[in-house]
Amino acid sequence: MGKQDDKDDDLFRDAMRDVKPMRKPAIARTAPKPPPRARFKRADERAVLQESLETAPDELLTTGEELSFRRPHV
């Protein structure tokens, strides 16, 4: 610790000399807040579900790439 730190400590202690602890908390306690809800995430999920229900199955595979599978050595 340097001289400046000691001086700061002394000034703080001098300023806090007459301070007394409070008997009651300064902030009144209230009921706990409800957990946050992700409104936009649910709205996005609903939109995707609705879109998938409205789209015909053959339209879902129009990605421009063929889906294929082959066994090894075939």
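Residues numbered from 1 in each chain as written. Predicted model: local features only at pLDDT ≥ 70, side-chain atom pairs only at ≥ 80, totals over all residues. Heavy atoms only, no water.

Draft legend 1. Structural context of the overall build of the protein. Looking only at helices and strands, the protein features three helices and zero strands. Along the protein, helices (α) and strands (β) appear in the sequence α-α-α when read from the amino end. For the protein, with 74 residues in total, the buried portion stands at 0%. In the form shown here, the protein has an accessible surface area of approximately 8,600 Å², with 56% of it arising from carbon and sulfur atoms. (Helix = DSSP H or I, 4+ residues; strand = E, 2+ residues; numbered from the N terminus. Buried < 20%, exposed > 50% of the residue type's maximum accessible area, 1.4 Å probe, protein only. Areas by Shrake-Rupley, 256 points an atom, 1.4 Å probe, with all protein chains shown as cover.)

Draft legend 2. Spotlight on helix H2 (residues 39-54). Its 16 residues give H2 an end-to-end C-alpha distance of 23 Å, which sits within 8% of 22 Å, the value for a rise of 1.5 Å per residue. In terms of burial, H2 is largely open, as just zero of its 16 residues are buried. (Expected span 1.5 Å × (residues − 1).)

Draft legend 3. Region of the structure containing a positive patch on the surface. On the surface, Arg37, Arg39, Arg42 and Arg46 cluster together into a positively charged patch. Along the chain, the position of Arg46 falls in helix H2. Looking at Arg46, the relative accessible area reads 59%, which means it is exposed. (Patch = residues over 30% accessible without salt bridge, like charges linked within 9 Å, V, L, I, M, F, W, Y side chains within 5 Å. Salt bridge = Lys/Arg side-chain N within 4 Å of Asp/Glu carboxyl O. Lys, Arg positive; Asp, Glu negative; His and termini not counted. Charge placed at Lys NZ, Arg CZ, Asp CG, Glu CD.)

Draft legend 4. Examining the confidence of the model for the protein more closely. Confidence along the protein averages 79 in pLDDT terms, with 78% of residues attaining 70 or more. Mean pLDDT across the secondary structure elements of the protein bottoms out at helix H3 (residues 57-60), with 60, and peaks at helix H1 (residues 3-15), with 89. (pLDDT = per-residue confidence, 0-100.)

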